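# Remarks on the overall topology
Take a look at the letters that make up each chain.
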Amino acid sequence: MCGIVAYIGERQASPIIMEGLKRLEYRGYDSAGISIYHDKIKTFKKQGKVLELEKIIEGEDLQGTVGFGHTRWATHGPPNDVNAHPHTSNSGDIVLIHNGIIENYASLKAALMDLGYSFTSETDTEVLVNLIEEVQKSRNLTIGEAVRQSLNMVVGAYAIVVIDAKEPDKIIGAKNSSPLVCGVGENELFLASDATPIVKYTDKVIYIKEDEVITLCDDGTYSIVNLENEVTENPIEHIDLKLESIEKAGFEHFMLKEIYQQPITIAESMRGRINAAEGWAKLGGMAEYMNRIKQADRIILTACGTSWHSALIAEYLFEELARIPTEVEYASEFRYRNPIIKTNDFIIALSQSGETADTLAAIKMAKDRGALIYGIVNVVGSSIARETHAGSYIHAGPEIGVASTKAFTSQLTVLSLMAIILGYEKGMISQGYYRQLLTELESIPAKVERILKVDDHIKYIASEIKDANNSLYLGRGYNFPVALEGALKLKEISYIHAEGYPAAEMKHGPIALIDMHMPIVVIATNKRYYDKVVSNIEEVKARKGIIIAVVTEGDTAIKALADFVIEVPTTEDPLSPLLSVIPLQMLAYHIAVMRDCNVDQPRNLAKSVTVE
Ligand code: M6R
């Protein structure tokens, strides 16, 4: 939530910052702002997207080689011009941008008001910038030291960047829980929430760790201390992020590009990890801990949102193929409910961004209790990736659309591989079935390609149901979590109310909602429960509901009953979510476009939820 970008060096800062803000806009788009130093600090900020900020800075003199920008996802105070970042201290000397939440801001604000400070916004950020000013003034400190000492008084999550007009040759950054990365160029330095605004200029980055304060100087040098003022040395790492991978490449939306990338991204998730012809599969992260994993009494998967849906599918996979008792936990609940965790539990955290605050806190708690923690993460070097004992990157490449698509199928690919490997290693599946599953997994990218070819048909179905206000998604077994995921995709980007249910649960309540206006998407590709799903469809038809069925190629029984049918290639049941989810992503996408919704940046949402 919220994107931060800062520059200090020899170039003009404002074009770098404005371009960076556009790249970071997926993190929040309630407002945007920029500050540039040149003799004095100039700040411009505006409610709405970066485009609105662009309009108000047109014609302004934004010369200067030091500056920063912010794109906001509102936490404290509604989205408006006043609450937009940057925030300025009472003296006008210090400006600050912030991603996170200062939990004790109310008591700090009261204390500052007693000292005569006044506030114009409702934000916790304006409290922090004035706290820094007060600490600097009362203790006669440099800005770096004032930031460090102030942060020792703060409870909460933050990534912040600070500029002080009294020391304009430096920028201060600090981090606790929210991400912050420093780009290291030739005589220039960058700070950003992720590497996307930086890659155009340098592939050298430093990840700022928890409770660290970095000082960037205009001669290209930097220093890092922790909150105890001990010097820390963070290695310079090389990132392999190509500029093309963070652009739309001719697609109308990032989400559409990411849906269409799936044949490649699924293959990338398997690359070097599987060879069905030779009969092997391996995951480097698992190999090191294989004995401990094999002996685990229990697997617990924890995640949020779409990643939680992947975890639900993994529960079916691990229990069926590896016969290990498996539980799935919402990270936000798991972290707070004092769960029983034993040292022989195997905890898997799933996260596209690797920064989700609840998932990060959940694994820290489980790690403290002695469990083995494994991360399945997309963003390389992210907080969750660094907090885990071992893990596997999903290698889906940057996912910019707020609605997760390719990360979901790549997570499923890695989870399927894990379950197949574990099942075979534990002797729970035969060599024949092991090979069959590997062969099938290798064929998934080509099968996804075939589904993408029926886009026009899915678009037609979208046009028929786009005006609905409510919808149901039903599935059984492996396809129950797919129903949840299909419903989430539709509601988050089209704002149509959608619920996912296990198909059999329909008669325990949701059936009351069904009438001739209600589209019901039934995922009916499972071989195992086919007849039962057919009965559920009959029950819906008897109430005049509109059936959109996702079936396997060659199906006849459901075709005869459903109003609309989308065919997907056949596969093994454990792998069926990798195919059945694709038409649901496409359906949601087309409906949202037809309803004129902002597909890549749906209202109220942000890509990466780094606050609770
Ligand atoms: O980055 P993560 O996978 O940890 O994010 C979890 C959720 O915030 C995310 O999946 C969210 O639900 C998406 N908007 C779903 O499309």
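Everything that follows concerns the structure shown earlier in this document.
Closest axis-to-axis distance for the helix H3 (residues 105-114)/helix H4 (residues 124-139) pair is 9 Å, and the angle between their directions is 50 degrees. Here H3 lies oblique to H4, going by the angle between them. Crossing of H3 over H4 shows left-handed handedness. For the pair formed by H3 and H4, the contact residues are Tyr105, Leu108, Lys109 and Leu112 on the first element and Asp124, Val127, Asn130, Leu131 and Glu134 on the second. Among the residues forming the contact of H3 with H4, the class breakdown is five nonpolar, one polar and three charged.

So, about the environment of glutamate 19. Inspection of the secondary structure assignment puts glutamate 19 in helix H1 (residues 13-24). Separated by 50 residues in sequence, glutamate 19 and glycine 69 place their C-alpha atoms 9.9 Å apart. Here the side chain of glutamate 19 touches lysine 200 through a polar contact of 3.0 Å, side chain to side chain.

Judged by nonpolar contacts, the single largest core of 93 residues is most densely connected at Leu301 and Phe318. Two domains each put at least three residues into this core: domain 2 (248-449) and domain 3 (454-600). Setting aside its immediate chain neighbours within four residues, phenylalanine 318 contacts Ile299, Leu301, Arg323, Ile324, Thr326, Ile348, Leu415, Met418, Ala419 and Leu422. Formed by 30 residues, the second largest nonpolar core is a distinct cluster that contains Val5, Met18, Ala192 and Ile239.

Strand order in the open sheet formed by five strands is S23-S22-S24-S25-S26, with parallel pairing between adjacent strands. Edge positions in the sheet fall to strand S23 (497-502) and strand S26 (564-568), since each of these pairs with one other strand and no more. The mean inter-strand angle of the sheet, taken between neighbouring strand axes irrespective of direction, is 20 degrees. Sheet analysis places strand S22 (residues 470-475) next to S23, joined by six bridges and oriented parallel. Paired with asparagine 470 across the bridge in S23 is histidine 497. Across the sheet, helix H16 (residues 455-465) touches strand S24 (519-523), strand S25 (546-552) and S26, and the angle it forms with S26 is around 150 degrees. Helix H20 (residues 576-594) rests against S22, S24, S25 and S26 of the sheet, and its axis sits at about 155 degrees to S24.

Cut-offs used in this document
By convention here, each chain's residues receive numbers from 1 onward along its written sequence. Confidence filtering applies because this is a predicted model: local features only for residues at pLDDT of at least 70, side-chain atom pairs given and counted only at 80 or more, and all residues used for totals across whole chains, interfaces and linings. In computing side-chain values, all of the structure's heavy atoms are included and hydrogens and water are not. Each axis is a line fitted through C-alpha atoms, taken for helices only over the stretch in contact, and angles between the N-to-C directions span 0 to 180 degrees. Numbered from the N terminus, helices here are DSSP runs of H or I no shorter than four residues, and strands are runs of E no shorter than two. Orientation is classified from the angle alone, with under 35 degrees giving roughly parallel, over 145 giving roughly antiparallel, 65 to 115 giving roughly perpendicular, and any other angle giving oblique. For any pair of crossing helices, the crossing counts as left-handed if the nearer helix is rotated counterclockwise from the farther one by less than a right angle, and right-handed if it is rotated clockwise. Contact between two residues is taken to exist if any of their heavy atoms lie within 4.5 Å; hydrogens are not considered. Each residue is assigned to one class: nonpolar for Ala, Val, Leu, Ile, Met, Phe, Trp, Tyr, Cys and Pro, charged for Asp, Glu, Lys and Arg, and polar for all the others, Gly among them. Counted as a polar contact is a pair of N or O atoms within 3.5 Å, where, for protein atoms, one must be capable of donating a hydrogen and the other of accepting one, and residues adjacent in sequence contribute only when both atoms are in side chains. The definition of a nonpolar core used throughout is a set of buried Ala, Val, Leu, Ile, Met, Phe, Trp, Tyr and Cys residues joined through side-chain atoms within 4.5 Å. For every residue, the accessible area (1.4 Å probe, protein chains only) is compared with the maximum for its type, and the residue is labelled buried under 20%, exposed over 50%, or partly exposed between those bounds. Domain delimitation follows an automatic or database domain assignment. Paired strands, as defined in this entry, are two strands with at least two bridges between them according to DSSP.

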